[in-house]
Protein chains: 2
Amino acid sequence: MTPVAQMKMDRRKTFNEFISRKRLKSTKQRDVIFEEFFGNYMGRHVTVEELYEDIKRRYPYIGFATVYRTLKLFRESGIASERNFGDGKARYEPIRDEREHHHHMICTECGKIYEFANNQVESCLNQIAKLNEFKLENHKLEIYGLCSSCRGS
Amino acid sequence: MTPVAQMKMDRRKTFNEFISRKRLKSTKQRDVIFEEFFGNYMGRHVTVEELYEDIKRRYPYIGFATVYRTLKLFRESGIASERNFGDGKARYEPIRDEREHHHHMICTECGKIYEFANNQVESCLNQIAKLNEFKLENHKLEIYGLCSSCRGS
DNA sequence: GTTTATATTGATAATACATATCAATTTCAC
DNA sequence: GTGAAATTGATATGTATTATCAATATAAAC
Ligand SMILES: [Zn+2]
Ligand SMILES: [Zn+2]
Ligand SMILES: [Zn+2]
Ligand SMILES: [Zn+2]
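Peer 1: Can you break down the interface of chain A and chain B residue by residue, with the values?
Peer 2: Between chain A and chain B, the residue contacts involve 31 residues of the former and 31 residues of the latter. Linking chain A to chain B there are 14 residue pairs in polar contact (both at pLDDT 80 or more). Mapped by element, the contributors of at least two residues to the side of chain A that touches chain B are β4 (103-107), β5 (113-116), α5 (119-131), β6 (135-146) and α6 (148-152) of chain A. Per-element accounting of the side of chain A that touches chain B gives the leading share, twelve residues, to β6(A). Taken together, the residues of the side of chain A that touches chain B break down into 17 nonpolar, eight polar and six charged. Summarising the sheet, β6(A) and strand β6 (residues 135-146) of chain B pair through eleven bridges and their orientation is antiparallel. Bridging across to β6(B), Leu146(A) finds its partner in Lys135(B).

Peer 1: Could you give me a rundown of the protein's contact with DNA strand C, with the residues and numbers involved?
Peer 2: Around DNA strand C there are 19 residues in total, and Tyr68(A), Lys25(B), Arg30(B), Tyr61(B) and Thr66(B) lie nearest to it. Sugar plus phosphate, as a fraction of atoms of DNA strand C within 4 Å of the protein: 77%. For DNA strand C, a sugar or linking oxygen lies 3.1 Å from a polar atom in the backbone of Gly88(A). Between DNA strand C and Thr66(B), the relevant distance is 2.2 Å, taken from a phosphate oxygen to a side-chain nitrogen or oxygen of the residue. Only α4 (64-76) of chain A together with α2 (28-40) and α4 (64-76) of chain B provide two or more residues apiece to the surface near DNA strand C. For the surface near DNA strand C, the leading source of residues is α4(A), giving three residues. Broken down by class, the residue content of the surface near DNA strand C amounts to five nonpolar, six polar and eight charged.

Peer 1: Account for the coordination of the zinc ion (ligand 1), with residues named and values stated.
Peer 2: All names here are of chain A. Looking at the zinc ion (ligand 1), the protein donor atoms are Cys107 (SG), Cys110 (SG), Cys147 (SG) and Cys150 (SG), and they sit 2.2 to 2.4 Å from it. Positions of the donor residues of the zinc ion (ligand 1), expressed as sequence spacing, correspond to C-x2-C-x36-C-x2-C. On the criterion of sequence distance, the pair formed by Cys107 in strand β4 and Cys150 in helix α6 is long-range, its members being 43 residues apart. No difference in accessibility class separates Cys107 from Cys150, as the two residues are buried.

Basis of the calculations
- Residues numbered from 1 in each chain as written.
- Chains lettered and ligands numbered in written order.
- Predicted model: local features only at pLDDT ≥ 70, side-chain atom pairs only at ≥ 80, totals over all residues.
- Heavy atoms only, no water.
- Contact = heavy atoms within 4.5 Å.
- Polar contact = N/O pair within 3.5 Å; in protein donor to acceptor, adjacent residues only side chain to side chain.
- Helix = DSSP H or I, 4+ residues; strand = E, 2+ residues; numbered from the N terminus.
- Nonpolar A, V, L, I, M, F, W, Y, C, P; charged D, E, K, R; others polar.
- Pairing = 2+ DSSP bridges.
- Near = heavy atom within 4 Å.
- Donors = N, O, S within 2.8 Å, 3.2 Å for Na, K, Ca; no water.
- Buried < 20%, exposed > 50% of the residue type's maximum accessible area, 1.4 Å probe, protein only.

Encoded structure:
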């Protein structure tokens, strides 16, 4: 089994456990949205609208609100992250590796999103929180600017 | 003259220059909003609604949209920063010192906003951008968690 | 000071994204 | 299968922001 397929299976397991722990129900719609999200949007940052339009083509009976609600469930269960890059639209990305933690560079010209991780920054933030007696729960770090393609033009 | 008063005068000058450079007009409303914003909200992070409610008490003739538009002008002219801390409401803060650059810690319990600055983080971000051939225009860094008062409870 | 062109204003409508409502339907423990 | 409870999809509502526009204020030209 490929690592990606393995990962997808792990997320499915996590989600199923979440569903049963919370006494929720598994439905056809949730299955479809899971498959679409973890099948086609690995490493991407999709808006609810985009995912809905995508799914609607093959599953026109699936409603808008259901996609919203399901992505929220994905987030709650810890298999997806919600991101917000200042354009007013929430974006979701599948969590690939629980230990993986990354931030984003967003090109203000073409809108492309790049990812990066940096241990030094992370430890700095922990230190800063500690210094201020602040219990760090999470943090948000984004770089906005021009990507290598766009800065040349 | 106190440093704060001096700073306020500097911002006023910058704004006036912006107004005349862009061939805009100075109005009674803009004066009132400037006075209120730079008089009572130094070091704070005020929402449009809050500022509007505050101003309305003494200047009921000033409209909602005007406050929105004026804060946007403050931002464009470089005398105010717009911030967004994930509650869906834009916040504005007077820029105290052009060289000053800071980020925020937001308490998820009481909503209090703390400021911090850190040179090491800044140089890390510059390096990261450079490494990815990314032309850094600006960046956003926030720490969410519990402040010292709230973590104790 | 008067005229005139243009920017501004405030009330309100419109937009955009997200959430709430609710009757009909589906799921699942029994 | 039965019934309680969750889910669904269509739609309404909420919330923050922006657009519209006629009336007004400003400032430059005269
Ligand atoms: Zn680009
Ligand atoms: Zn990402
Ligand atoms: Zn607190
Ligand atoms: Zn600040």
